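Structural overview
Chain by chain, the residues run as shown.
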Amino acid sequence: MRILIILMGLCGSVSARAEATTGQFLSEYQSASDDGRRYLDSFLKGLVAAYTWSNVTLQSEGKQALFCLDKHGAEKITDPAYLLRVSAKNHQGIEATPVGMALLATLKRRWPCR
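Residues numbered from 1 in each chain as written. Predicted model: local features only at pLDDT ≥ 70, side-chain atom pairs only at ≥ 80, totals over all residues. Heavy atoms only, no water.

Turning our eyes to something else, we now look at the pattern of salt bridges. The full count for this structure, using the stated rule, is two salt bridges. For the salt bridge of Asp35 with Arg38, the shortest nitrogen-to-oxygen distance reads 2.1 Å. In this pair, Asp35 and Arg38 both sit in helix α3 (residues 34–60), three residues apart, roughly one turn of the helix. With a shortest N-O distance of 3.5 Å, Glu61 and Lys63 are connected by a salt bridge. For Lys63, a relative accessible area of 48% corresponds to the partly exposed category. (Salt bridge = Lys/Arg side-chain N within 4 Å of Asp/Glu carboxyl O. Helix = DSSP H or I, 4+ residues; strand = E, 2+ residues; numbered from the N terminus. Buried < 20%, exposed > 50% of the residue type's maximum accessible area, 1.4 Å probe, protein only.)

Structure (structure tokens):
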């Protein structure tokens, strides 16, 4: 019984704040100081690294990768904030989605695996 009460307490103490939407993230990025932009860039680059390692894992298991970079993709992926801005401009509704989901959708759309 004690364990159940502890688990219920832990579940109730989870942060209610969700991941920022792409619109919120881009707005914050626009108004951020240079240090703030470096921090936000690092966040996005961390997501890209995680998605890239997910690709490596999927491919090692014989499954299809999430996205497949071409020879120019490695250059363009170094500025994920730019990719998000372009995606938000060209794809209606993406600003309302969580930034991590929007970045993955952008990578999949821009560099699909064929």
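Once the structure has been displayed, the description carries forward.
Attention now goes to the packing of aromatic side chains. For any pair of aromatic rings, the description rests on two quantities: the centre-to-centre distance and the angle between the ring planes. Per the counting criterion, the structure on display carries two aromatic pairs. For the pair Phe25 and Tyr29, a centre-to-centre distance of 6.5 Å together with 25° between the ring planes defines the contact as stacked. Placement of both Phe25 and Tyr29 in helix α2 (residues 22–31) is noted, with a separation of four residues, approximately one turn of the helix. Note on Phe25: relative accessible area 5%, which makes it buried. Each ring, one from Phe25 and one from Phe43, has its centre 6.1 Å from the other, and the planes form 40°; the classification is tilted. One end of the pair, Phe25, is in helix α2; the other, Phe43, is in helix α3, with 18 residues separating them in the sequence. Look at Phe43 and you get partly exposed, because its relative accessible area is 35%. A network of ring pairs unites the aromatic residues Phe25, Tyr29 and Phe43 as a single cluster. (Phe/Tyr/Trp six-rings, centres within 6.5 Å; stacked < 30°, edge-to-face > 60°.)

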